[in-house]
Amino acid sequence: MTVKKWTLKSIAAHLGVSNATVSNAFNRPDQLSKKRREEILSACHELGYFGPNKAARSLRKGTFNIVALVLPDSVEYMVSDPVASSFMRGVANVLEPQGINLLLFSGNADNVSNVVDFVDGFICYGRPRNTKLINHLEVLNKEVVAVDFELNGQASVNIDNHQAAYNVANQAFKTFSDASEEAYVAILGLRLLDTELICRVYDHHLPKLNTSIAHQRLAGFRQALQEANIAMSEDRTWNIPESSERWARIAAKEALSVQPRPNVLLCMSDLIALAAAREALEQGIKVPQELKIVGFDGIDEAQLFNPSITTIHQNSETKGQHAAELFINKQKQQLILPFELRVGQST
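Let me begin by describing the structure that accompanies this report. Numbering of residues begins from 1 in every chain and follows the order in which that chain's sequence is written. For this predicted model, a pLDDT threshold of at least 70 governs which residues receive local features, and a threshold of 80 or more governs which side-chain atom pairs are given and counted, while totals over whole chains, interfaces and linings are taken from all residues. Side-chain calculation: all heavy atoms of the structure are included, whereas hydrogens and water are not.

1. Quick word on unusual backbone geometry
The linkage connecting Gln259 with the following residue, Pro260, adopts the cis geometry, with an omega of -5°. A run of H or I in DSSP counts as a helix once it spans at least four residues, and a run of E counts as a strand once it spans at least two, with each numbered from the N terminus. Tracing the chain through its elements places Pro260 in the loop between helix H10 (245–255) and strand S9 (264–267). Of note, the bond from Asn306 into Pro307 is cis; its omega dihedral lies within 30 degrees of zero at 5°. Along the chain, Pro307 turns up in the loop between helix H12 (300–304) and strand S11 (311–313). Even without being glycine, Asn65 reaches a positive phi, approximately 55°. Secondary-structure assignment places Asn65 in the loop between helix H4 (54–61) and strand S1 (66–70). A 1.4 Å probe rolled over the protein chains alone gives each residue an accessible area, and that area as a share of the maximum for its type sets the label: buried under 20%, exposed over 50%, partly exposed in between. When its relative accessible area of 39% is taken as the criterion, Asn65 is described as partly exposed.

Listed below in structure tokens is the structure:
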């Protein structure tokens, strides 16, 4: 059976009323009596007509009440990440009461042309994996808010990742300050390289200028190493393509197999730190007596783990709320939010 595709004009003709009467029933209820409006809405619903075309109306108005949330990676991966989920919750907490919907958009896409004509703007959470998106976002004539990186002329929300990494690394080095024991440090990095491989990272692999949070954190770790007079071999930094137990365990197992074995692991996320701690404990390595581990992000699991992970806590939900507020208010501010060093039992 063919289902009739109703329009405002055809439904009005079928009901024997004017186009304006049907439009008022849906959009201007004060123009009709309550009984008359209910009769028209009931008849429309029975026929499968649920109001004037909202897409067409949005195109005429130029607003859609939809914000595209551009994720740094695939939607499938990001919705499983606790930090990203917390950020998305913060964005939704602000936008939903305003009647604004979220469209999740993959950071692996080549461009935003498929959605740009149907959204009011973009909140970009982290540098997209496909850097072509950055060029597109910079030239759009729409509202854009960048989070965890900067876009020319656009609002942004960040923390000082360099300083935070410096602080948490210093916490790991505290017990080595009297030089009674030498520190052997390894870094488990997150997306330091544009590759899907778990591999060691050498200086010649790194770009000369990169503003990603991973490189900011690496710079913070290295500053702490330099000021503590701790020498670290060039082959003791690993690239992990995603913040997950599976990939981090592989990198941690390799890092803990080198000689001399590291007694400090600087990890660029709590999920990596947790995986490293589990691998160490399975190998019979005592944390923190034989191995000190620090993470980054401050997720609940890191605090509940035994031993609890020393980490940098950033309130990702608050970060999402600020990003959404900047978007709604069309403010071009560059916000730097506070962070907190949380000392756990892993150091």
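2. Quick look at the sheet that holds strand S6 (residues 185–190)
Pairing between two strands requires that DSSP report at least two bridges joining them. Here we have five strands laid out as an open sheet, ordered S7-S8-S6-S9-S10, and mixed in their pairing. Bordering the open sheet on either side are strand S7 (199–200) and strand S10 (292–294), each of which pairs with just one other strand. As paired elements, S6 and S9 share four bridges and run parallel to each other. Following the sheet pairing, Leu188 is matched in S9 by Cys267. Sitting on the sheet, H10 touches S6, S7, strand S8 (237–240) and S9, and the angle it makes with S8 is about 165°. The contact rule is simple, with two residues in contact once any of their heavy atoms fall within 4.5 Å. For helices, the fitted line uses only the C-alpha atoms of the stretch in contact; every axis is such a line through C-alpha atoms, and the angle between N-to-C directions lies from 0 to 180 degrees.

3. Things to note about the packing of aromatic side chains
Two rings from Phe, Tyr or Trp (for Trp, the six-membered ring) form a pair when their centres are within 6.5 Å of each other. A pair whose planes differ by under 30 degrees is stacked, one over 60 is edge-to-face, and the rest are tilted. Inspection of the entire model under this criterion finds two aromatic pairs. On the numbers, 5.7 Å between centres and 90° between planes, the contact of Phe26 with Tyr49 is edge-to-face. Of this pair, Phe26 sits in helix H2 (residues 19–27) while Tyr49 is found in the loop between helix H3 (34–47) and H4, placing the two residues 23 residues apart along the sequence. In this structure, Phe26 and Tyr49 share a single accessibility class: buried.

4. Focus: the side chain of Ser243
Take Ser243: it is sitting in the loop between S8 and H10. Polar contacts, as counted here, are pairs of nitrogen or oxygen atoms within 3.5 Å of one another; within protein the pair requires one atom able to donate a hydrogen and one able to accept it, and residues that are adjacent in sequence qualify only if both atoms are side-chain atoms. A distance of 2.7 Å separates polar atoms of two side chains, one belonging to Ser243 and the other to Ser269. Among all residues touching Ser243, those that are not within four sequence positions of it are Tyr77, Asp81, Leu190, Ser269, Leu271 and Ile272.

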